[in-house]
Amino acid sequence: MATTEECRAALDKLSDNLRSAEGDVRSATELDRSVSCHITDLDVTFAGRMADGRIDVRETLEGPPREKAEIRLAMTGDDLVALVAGELNFAKAWGSGRVRLEAGLRDLFRLRRLL
């Protein structure tokens, strides 16, 4: 089972990957939205903001998100680490329910470029 520190490192790596992306992927990351990522097996939530093609994690909270972020993710720590490492396909994980992604319809259409 992934630790809180490994999950935080995975989010930092994801942020770096998004920032260095180009083309359609880069344009999909240029949102300015609040973001939360709930790690279900650790019952920890990373909350922050996606802006300028980067995810800035500002808080690590015990339990589920306290406020409803504009983009919300939920998954196990192992799945987060596997996704960022390229070992787990996001679309398949989302389709099977292993990863939950909730956002407004317009944001979902933009984020689908990341899939």
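The structure presented is a predicted model; accordingly, all values stated were derived computationally and were not measured.

## Here we look at the sheet that holds strand S1 (residues 33-39)
Whether parallel or antiparallel, the strands of a sheet pair through hydrogen bonds between backbone atoms.
Okay, so step 1: An order of S3-S2-S1-S4-S5 is seen for the five strands of this open sheet, with the pairing classed as mixed. Two strands in the sheet have a free side with no partner beyond their single neighbour: strand S3 (54-62) and strand S5 (100-103). For this sheet the average axis-to-axis angle between neighbouring strands, irrespective of direction, equals 20°.
Okay, so step 2: Both S1 and strand S2 (residues 44-51) contribute to a ladder of seven bridges, which runs antiparallel. Across the sheet, Cys37 pairs through a bridge with Phe46, a residue of S2.
Okay, so step 3: Against the sheet, helix H1 (residues 4-19) makes contact with S1, S2 and S3, and its axis sits at roughly 160° relative to S3, the strand it touches most.
Okay, so step 4: Packing against the sheet, helix H3 (residues 77-85) makes contact with S1 and strand S4 (71-75), and its axis sits at approximately 110° to S4.

## Focus on the pattern of salt bridges
It is possible for side chains of opposite charge to pair when their charged atoms get near one another.
Okay, so step 1: Under the criterion given, the structure shown has eight salt bridges.
Okay, so step 2: Put simply, Asp12 and Arg8 hold a salt bridge, and the shortest N to O gap is 3.3 Å. Separated by four residues within a single helix, Asp12 and Arg8 lie in helix H1, roughly one turn from each other.
Okay, so step 3: Since its relative accessible area comes to 30%, Arg8 is described here as partly exposed.
Okay, so step 4: The salt bridge partner of Asp79 is Arg98, with a shortest N-O separation of 2.5 Å. With Asp79 in helix H3 and Arg98 in the loop between helix H4 (90-96) and S5, the pair connects residues that are 19 residues apart, well separated along the chain.
Okay, so step 5: Look at Asp79 and you get buried, because its relative accessible area is 8%.
Okay, so step 6: Several salt bridges converge on common partners, so that one network encompasses Asp32, Arg49 and Glu70.

## Things to note about unusual backbone geometry
Okay, so step 1: Within the chain, Asp43 stands out as a residue other than glycine whose phi angle is a positive 50°.
Okay, so step 2: A positive phi angle, close to 55°, is found at Asp52, a residue other than glycine.

Quick notes on the rules
- Residues numbered from 1 in each chain as written.
- Predicted model: local features only at pLDDT ≥ 70, side-chain atom pairs only at ≥ 80, totals over all residues.
- Heavy atoms only, no water.
- Pairing = 2+ DSSP bridges.
- Helix = DSSP H or I, 4+ residues; strand = E, 2+ residues; numbered from the N terminus.
- Axes fitted to C-alpha atoms, helices over the stretch in contact; angles between N-to-C directions.
- Contact = heavy atoms within 4.5 Å.
- Salt bridge = Lys/Arg side-chain N within 4 Å of Asp/Glu carboxyl O.
- Buried < 20%, exposed > 50% of the residue type's maximum accessible area, 1.4 Å probe, protein only.

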